[in-house]
Amino acid sequence: MFPWGKFPFNEDLKKMTDQMNPADIQSYVNDMIKKYIPSQWENSGDTKTENPFNASATGNTQEKKPDAAVFETFDYVFIRIQLQNEEQQKQIKFFHTSNQAIIENFFEIGDRHIITLPCLVKRKGATALVKDLILEVQIPKNIDMQYTEVDISEKF
C-alpha cells in the first residue's frame, strides 16, 4: 500500500481520502466531462449527428482535406485520392518530396494540402493514373542506407 504518513502526503490528505465515497468521485468525474465535451458529442451513437471531429461541429475553422489513402508495399508507396468530378482532374497538381506529397488546386485554385508519407521515396519514377475518378499515384521507395557505425572505446 502507499506510505500515507510520508512526504508529500500528510494526515489531512489521508483523512480526506478515507472519507471519499466512490459514487461521489464518479459523479464529479462525469460532471467535469460534461462541462468540457460539446453537446454535439453526447449523441455519438446516433447516426443523424455530425462527426464530432468535423470543423462545423466543433466550431473550428479547419480546412477540408482530400479523401486520401496512403499505404506502402515492399517497393512502392501508393496514394489514392477520390476526385469529385472530371474537371477537378484537369486542375489538380501533384508534387512530392522525399517524405511528403503535395496536392494543389484540389478543392479550389490556389489551395494546398500536404500528406506525410510513411517512408522515404525516390525523387524520380513516380507514376499517376486516374480511373473511375480515383487518382492513384505510385512512388518508388528509397532505401536509406546512409548510416555510419560509431566505434565505442573504453578509454577514459
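The structure displayed is predicted, hence computed values, not measured ones.

Enquirer: Which residues make up the overall build of the protein chain, and what values go with them?
Expert: Per the secondary structure count, the protein chain includes four helices and seven strands. Counting from the amino terminus, the protein chain carries its helices and strands in the arrangement α-α-α-β-β-α-β-β-β-β-β. Among the 156 residues that make up the protein chain, the fraction classed as buried is 17%. The contacts of the protein chain with a sequence gap of at least 6 include a subset with a gap of at least 24, amounting to 39%. Only carbon and sulfur atoms are counted for the fraction: they give 52% of the accessible area of the protein chain, which is about 13,100 Å².

Enquirer: Before we move on, can you summarise the nonpolar core with the specific residues and values?
Expert: Residues Ile79, Ile81, Ile92, Ile103, Phe106, Leu117 and Leu135 are the most contacted members of the largest nonpolar core, which totals 15 residues. Elements supplying a minimum of two residues to this core: β2 (76–82), β4 (100–104) and β7 (134–140). Excluding residues within four positions of it along the chain, Ile103 makes contact with Pro66, Ile81, Ile92, Lys93, Phe94, Asp111, Arg112, His113 and Ile115.

Enquirer: Explain unusual backbone geometry to me, using residue names and the numbers behind them.
Expert: Positioned with a positive phi, Asn105 is a non-glycine residue whose angle comes to about 60 degrees. With respect to the helices, strands and loops of the structure, Asn105 is situated in the loop between β4 and β5 (112–116). Taking relative accessible area as the criterion, Asn105 reaches 10% and is therefore assigned buried. In this model, Leu133 sits at a positive phi of 60 degrees, which is unusual for a non-glycine residue. You can see Leu133 is positioned in the loop between β6 (127–131) and β7.

Enquirer: Talk me through the packing of aromatic side chains; I want residue IDs and the actual numbers.
Expert: Overall, the coordinates contain three aromatic pairs when judged by the stated rule. With a centroid separation of 4.8 Å and an interplanar angle of 90 degrees, the aromatic rings of Phe106 and Phe107 are classed as edge-to-face. Taken together, the ring pairs connect Phe71, Tyr76 and Phe78 into an aromatic cluster.

Enquirer: Explain the pairing of strand β3 (residues 93–96) to me, and be specific about the residues and the numbers.
Expert: With four bridges joining them, β3 and β4 adopt antiparallel strand pairing. Bridge pairing links Phe94 to Ile103 in β4. The hairpin formed by β3 and β4 contains three residues between the paired strands.

Enquirer: With reference to specific residues and values, describe the sheet that holds β2.
Expert: Here we have four strands laid out as an open sheet, ordered β1-β2-β7-β6, and antiparallel in their pairing. The outermost strands of the open sheet, each flanked by one partner alone, are β1 (68–72) and β6. Averaged over neighbouring strand pairs, the angle between their axes works out to 15 degrees when direction is ignored. Judged from the five bridges that link them, β1 and β2 form a sheet pairing that is antiparallel. Its bridge partner being in β2, Ala68 is matched across the sheet by Ile81.

Rules and cut-offs
- Residues numbered from 1 in each chain as written.
- Predicted model: local features only at pLDDT ≥ 70, side-chain atom pairs only at ≥ 80, totals over all residues.
- Heavy atoms only, no water.
- Helix = DSSP H or I, 4+ residues; strand = E, 2+ residues; numbered from the N terminus.
- Buried < 20%, exposed > 50% of the residue type's maximum accessible area, 1.4 Å probe, protein only.
- Contact = heavy atoms within 4.5 Å.
- Areas by Shrake-Rupley, 256 points an atom, 1.4 Å probe, with all protein chains shown as cover.
- Core = buried A, V, L, I, M, F, W, Y, C linked by side-chain atoms within 4.5 Å.
- Phe/Tyr/Trp six-rings, centres within 6.5 Å; stacked < 30°, edge-to-face > 60°.
- Pairing = 2+ DSSP bridges.
- Axes fitted to C-alpha atoms, helices over the stretch in contact; angles between N-to-C directions.

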